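Below, each chain spelled out in residue letters.
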Amino acid sequence: MPMELIETIFLSEKRENLLLMLLNDPADIKTIDSTLEVTSSSILPQIKKLREVGFIDKNENGAYELTSIGRLVVENMNPLSSMLKVFDVACEYWDERDLTTIPDELLDNIGSLGNIQLIVPDLDHMYELQDDFLNNMQISNKVSSVLSLYHPDNLDLFNKLDTAGVSMEIILTESVLERMLSDSEKEMEAFLSSKNTTIFVCEDTIKPPSFSVTDNFIYMSLFNIQGRYDHHDIMSFEASALEWGKMLFEHYKSLSTPY
C-alpha cells in the first residue's frame, strides 16, 4: 500500500473509525455524527479526503459507502490496525523481544493481544512473582502455563491453585522440571500426583516463552533478543488475547510429552 494511502488511514483516528463503521452499512452524515460522536464540521474534511483517494463515495440515497477498493482495503486493515496498536503501547519492548518463539501464524495475528499492559517491576521487587500475575491467577478457574523460567515461588502457587480445585495444564521445560525436582522434592510429589493438574515436558532446545493463559487473562514473559529474561512482562484481558494464548499453548503442547 503506497505511503500516502497508509497515512490517509492511520494518521487520522476519525478516518479510521469512519472506514470501519462503513464496513457494516452505508450511513448518512447524521448517522455518522451520532455513531462516531463527532460534529459534521469535523468529519466532513475527513470524508472529503477519503473520497479523493477513492475509498468512499456517496450513493443515490445520499449516504456514504465504501467503494469496491475501499472495502478491500478496510477488510484487510483491521489486522494491521490491531497489530500497530499492540506495538505502539511498548514499541521499544517489542523491538527487543525474540519473536522467533512464536509460530508465524500467531505472529501474523499478534494484534489479537489487544489492549496490552507492560509490567515493569521496581528494583525492590524485581525477583518476585508480580502482584498483577499472582492476583489474577488466584481468581482463575482454569490455567494453562508454560514454564521455561524457574522461579521458586511457582510451585507453591500451583499447589495452592490445585488445592482450590483449579484445573491446570502445565508444560515444564526439562531444565525447569529438573530444578523443581532437585529443590522441592516433597512439594513436587504433591504437584505431580494431583488429579487437577496434567504435566507435560518440553525439550529445552525448543525454547518456548514462559506464559500463562487462564479464563480471564494472559501473562507473558518473553526472552529478549540476547536470549535473556529482563523481567519485563506483558498482560492482557482481551477475549481475543485469551484465544491467541490458548492457541500458543496448544502449539507447545503438541511439541511436548506427558510426564
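The following paragraphs examine the structure supplied in this document.

Reading the values: rules and limits
Residues numbered from 1 in each chain as written. Predicted model: local features only at pLDDT ≥ 70, side-chain atom pairs only at ≥ 80, totals over all residues. Heavy atoms only, no water. Helix = DSSP H or I, 4+ residues; strand = E, 2+ residues; numbered from the N terminus. Buried < 20%, exposed > 50% of the residue type's maximum accessible area, 1.4 Å probe, protein only. Contact = heavy atoms within 4.5 Å. Salt bridge = Lys/Arg side-chain N within 4 Å of Asp/Glu carboxyl O. Polar contact = N/O pair within 3.5 Å; in protein donor to acceptor, adjacent residues only side chain to side chain.

## Some thoughts on the environment of Ile 116
For Ile 116, the position within the fold is in the loop between helix H7 (104-107) and strand E3 (117-119). In this structure Ile 116 comes out as buried when scored by relative accessible area, which is 5%. Sequence separation of Ile 116 and Ser 236 is 120 residues, and the distance between their C-alpha atoms is 4.7 Å. Not counting chain neighbours up to four residues away, the residues in contact with Ile 116 comprise Val 86, Val 89, Trp 94, Ile 234, Met 235 and Ser 236.

## Section: unusual backbone geometry
Notably, Glu 37 is not glycine yet its phi reads approximately 55 degrees, a positive angle. Structurally, Glu 37 can be placed in the loop between helix H3 (29-36) and helix H4 (40-52). Positive phi outside glycine occurs at Lys 207, with the angle close to 55 degrees. Residue Lys 207 is classed as exposed on the basis of its relative accessible area, which comes to 58%.

## Examining the pattern of salt bridges
When the charged atoms of two side chains with opposite charge come close together, those side chains can pair. All told, the structure shown has eight salt bridges when counted by the stated rule. Of the charged contacts in the structure, one is a salt bridge between Glu 52 and Lys 48, with a shortest N-O distance of 2.6 Å. Separated by four residues within a single helix, Glu 52 and Lys 48 lie in helix H4, roughly one turn from each other. Neither Glu 52 nor Lys 48 differs from the other in exposure class; each is exposed. Several salt bridges converge on common partners, so that one network encompasses Glu 96, Arg 97 and Asp 230.

## A look at the side chain of Ser 148
Within the secondary structure layout, Ser 148 lies in the loop between strand E4 (142-147) and helix H9 (154-163). Of the polar contacts made by the side chain of Ser 148, one reaches the backbone oxygen of Pro 208; its length is 2.9 Å. For Ser 148, the residues in contact, after removing those within four places along its chain, are Thr 173, Val 176, Pro 208, Pro 209, Ser 210 and Phe 223.

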